[in-house]
Amino acid sequence: MPRRRARALHPTLAALALLGAASQSVPAHAQAPSQAPFQAGEGERRLKLVVPGAADVFVERNLTYKRAADGGAELRLDIYYPPDFQQDTQLPVVVFMNGKGFPELKDFPQYVSWARATAASGLAAVTFESTQTGAEADIEDLMLYLRANATTLGIDGDNMCWWACSDNVVRSLPLALQEGRTYLRCAVLYYGMADRKFWGKIRDDLPLFVVKAGLDYPVVNTRIDNFVQQASQLNRDLTFIVYASGRHAFDVFDDTARTRAIVQDTLDFMKLHLSPSVQVEIEETALQREANAAYKNQDWPATAKAYERVVAQQPDNGEAHFRLGFAQLFLGSLQPAIASFERSI
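Residues numbered from 1 in each chain as written. Predicted model: local features only at pLDDT ≥ 70, side-chain atom pairs only at ≥ 80, totals over all residues. Heavy atoms only, no water.

A. Structural view of the overall build of the chain. If you tally the helices and strands in the chain, you get 14 helices and 8 strands. Here the analysis covers contacts within the chain between residues at least 6 apart in sequence; of these, 68% occur between residues at least 24 apart. Taken as a whole, the chain presents about 17500 Å² of accessible surface, with 53% of it coming from carbon and sulfur. (Helix = DSSP H or I, 4+ residues; strand = E, 2+ residues; numbered from the N terminus. Contact = heavy atoms within 4.5 Å. Areas by Shrake-Rupley, 256 points an atom, 1.4 Å probe, with all protein chains shown as cover.)

Have a look at this one:
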């Protein structure tokens with residue numbers, strides 16, 4: 001009897017069969033990676049924006065900032081300075097975060113080209129090594145080193161920005177949002193996000209620049225959307241860019257005008273928010289933001305207290321007087337409320 005010939009499985013059915021088998025054998029958390037990996041074979045991973053002077057920046061290489069706990073190996077950093085850097089100056093500094101704990105990120109073409117572009121834009125830039133088992137501690141030790149040696153290094157230890165991308169955002173963001181980290185003046189987050197349970201409170205004094213790559217993994221973009229929604233509801237200082245046709249790591253993979261524009265916007269954001277004039281504006285409006293948040297939440301005792309301070313500073317602010325009167329009315333203070341309403345006219 002002739003042997004029955006096996007029928008070939010349609011490619012689509014074969015793929016579905018493999019997917020079904022994989023879903024039963026692979027842990028759930030591994031089926032959808034939290035962040036998209038870099039894709040190999042897509043050209044050199046350098047920034048697609050060429051900033052004038054980037055090739056001429058001065059680099060101080062391989063400065064030891066600590067010895068790693070796992071084996072005592074040295075952890076090193078590189079500092080990039082503008083071509084016209086003067087030794088007696090202290091520059092604002094952008095730190096390119098290594099939250100994954102990959103030592104090679106210090107010299108990774110993406111990080112090197114970003115650091116060069118940043119230095120050519122007039123700021124100092126730092127790339128550094130960290131360990132997978134202790135990245136958070138390494139970051140803290142790096143901050144201690146940079147701030148303790150700021151004068152020698154020619155940087156302003158109280159005027160920093162953190163730039164993080166992909167999985168590096170997961171570990172860097174919770175640290176950046178800590179309220180005591182006042183030397184951190186702004187943060188840039190590219191195509192990556194920590195899960196909601198790790199955010200904590202979103203600081204009201206930390207301007208954020210968030211970029212979503214539209215073609216990235218859905219789980220990544222959902223996390224970004226959730227974060228941005230919460231930050232917006234809290235009236236946080238947020239710049240949000242959706243690059244609809246951008247891939248994960250678009251800054252080094254997608255050689256387009258849109259990529260170059262976003263990178264330039266990022267450099268401008270960092271330089272602007274590390275400038276003293278903008279920082280003064282943020283500090284001066286902090287009380288108004290606090291008062292507005294209390295008013296929005298209908299927390300009338302906090303609203304009255306905050307707007308009393310606002311009108312003391314700004315006696316001609318009619319809106320502040322009106323909101324103060326509104327709070328006083330809800331608190332049963334009729335005569336003060338009438339006086340506040342009269343001053344609001």
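Next comes the rest of the write-up.
B. Fine view of the packing of aromatic side chains. Per the counting criterion, the structure on display carries 23 aromatic pairs. A ring pair is formed by Trp114 and Trp163, whose centres lie 5.1 Å apart and whose planes are at 45°; its orientation type is tilted. With Trp114 in helix 3 (residues 109-120) and Trp163 in strand 5 (residues 155-165), this residue pair connects regions lying 49 residues apart in the sequence. Neither Trp114 nor Trp163 differs from the other in exposure class; each is buried. With a centroid separation of 5.5 Å and 20° between ring planes, the pair formed by Tyr190 and Phe250 is classed as stacked. Taken as a pair, Tyr190 in strand 6 (residues 184-190) and Phe250 in helix 8 (residues 250-253) lie far apart in primary sequence, 60 residues in all. (Phe/Tyr/Trp six-rings, centres within 6.5 Å; stacked < 30°, edge-to-face > 60°. Buried < 20%, exposed > 50% of the residue type's maximum accessible area, 1.4 Å probe, protein only.)

C. A look at the nonpolar core. Counting 46 residues, the largest nonpolar core has Leu77, Val95, Leu146, Met160, Trp162 and Phe227 as the members making the most contacts within it. Apart from the residues lying within four places of it in its own chain, the contact partners of Val95 are Val126, Phe128, Leu142, Met143, Leu146, Met160, Cys161, Trp162 and Trp163. In this structure, Val57, Tyr111, Cys161 and Cys165 belong to the second largest nonpolar core, which totals 40 residues. (Core = buried A, V, L, I, M, F, W, Y, C linked by side-chain atoms within 4.5 Å.)

D. Up close: the sheet that holds strand 1 (residues 58-67). On the basis of which strands lie adjacent, the open sheet formed by 8 strands has the order 1-2-4-3-5-6-7-8 and mixed pairing. Two strands in the sheet have a free side with no partner beyond their single neighbour: strand 1 and strand 8 (238-243). The mean angle between the axes of side-by-side strands here comes to 20°, regardless of whether they run parallel or antiparallel. One ladder, built from 5 bridges, connects strand 3 (residues 91-96) with strand 5; its direction is parallel. Bridging across to strand 5, Phe96 finds its partner in Trp163. Helix 4 (residues 135-148) rests against strand 1, strand 2 (74-81), strand 3, strand 4 (124-128) and strand 5 of the sheet, and its axis sits at about 120° to strand 1. (Pairing = 2+ DSSP bridges. Axes fitted to C-alpha atoms, helices over the stretch in contact; angles between N-to-C directions.)

E. Fine view of the layout of surface pockets. Put simply, the largest pocket is a space of about 500 Å³. Around the largest pocket, the lining comprises 23 residues; the ones closest to its centre are Arg203, Asp204, Asp205, Arg236 and Arg289. Elements that contribute at least two residues to the lining of the largest pocket include exactly strand 6, helix 10 (276-284) and helix 11 (286-296). For the lining of the largest pocket, the class distribution of residues is 6 nonpolar, 6 polar and 11 charged. (1 Å grid on protein atoms, 1.4 Å probe; cavity = no way out; pocket = protein on both sides within 12 Å on 5 of 7 lines; lining within 4 Å. Points joined across faces, edges and corners; volume = space filled by probe spheres on them. Nonpolar A, V, L, I, M, F, W, Y, C, P; charged D, E, K, R; others polar.)

F. Representation of helix 13 (residues 318-330). Look at helix 13: 19 Å from first C-alpha to last across 13 residues, which is about the 18 Å you get at 1.5 Å a residue. Gly318, Ala320, His321, Arg323, Leu324, Gly325, Ala327 and Gln328 are the residues of helix 13 that are buried. The inward-facing, buried residues of helix 13 abut helix 11, helix 12 (300-313) and helix 14 (334-344). Two or three places before Glu319, at the opening of helix 13, Asn317 has a side-chain oxygen 3.3 Å from that residue's backbone nitrogen. Following helix 13 by one or two positions, Gly332 has its phi on the positive side, about 85°. (Expected span 1.5 Å × (residues − 1). Polar contact = N/O pair within 3.5 Å; in protein donor to acceptor, adjacent residues only side chain to side chain.)

G. Representation of the packing of helix 12 against helix 13 within the structure. Across the interface, helix 12 lies against helix 13 with an axial gap of 8 Å and an inter-helix angle of 150°. Every pair of crossing elements has a handedness; the one defined by helix 12 and helix 13 is left-handed. From helix 12, Trp300, Thr303, Ala304, Tyr307, Glu308, Val310 and Val311 reach across to helix 13, where they touch Ala320, His321, Arg323, Leu324, Phe326, Ala327, Gln328 and Phe330. (Left-handed = near helix turned anticlockwise from the far one by under 90°.)

H. Up close: the side chain of Arg181. Among the secondary structure elements, Arg181 is positioned in the loop between helix 6 (168-176) and strand 6. The exposure class assigned to Arg181 is buried, which follows from its relative accessible area of 5%. Looking at Arg181, its side chain comes within polar contact range of the side chain of Glu140, at 2.8 Å. Setting aside anything within four residues of it in sequence, one finds Arg181 in contact with Glu140, Met143, Trp162, Leu175, Ala176 and Arg203.

I. Structural context of the side chain of Arg203. Among the secondary structure elements, Arg203 is positioned in the loop between strand 6 and strand 7 (208-213). Leaving out residues up to four positions away in the same chain, Arg203 has contacts with Ala176, Leu177, Gln178, Glu179, Arg181, Thr182, Leu184 and Arg236.

That's the geometry; what it means functionally is another story.
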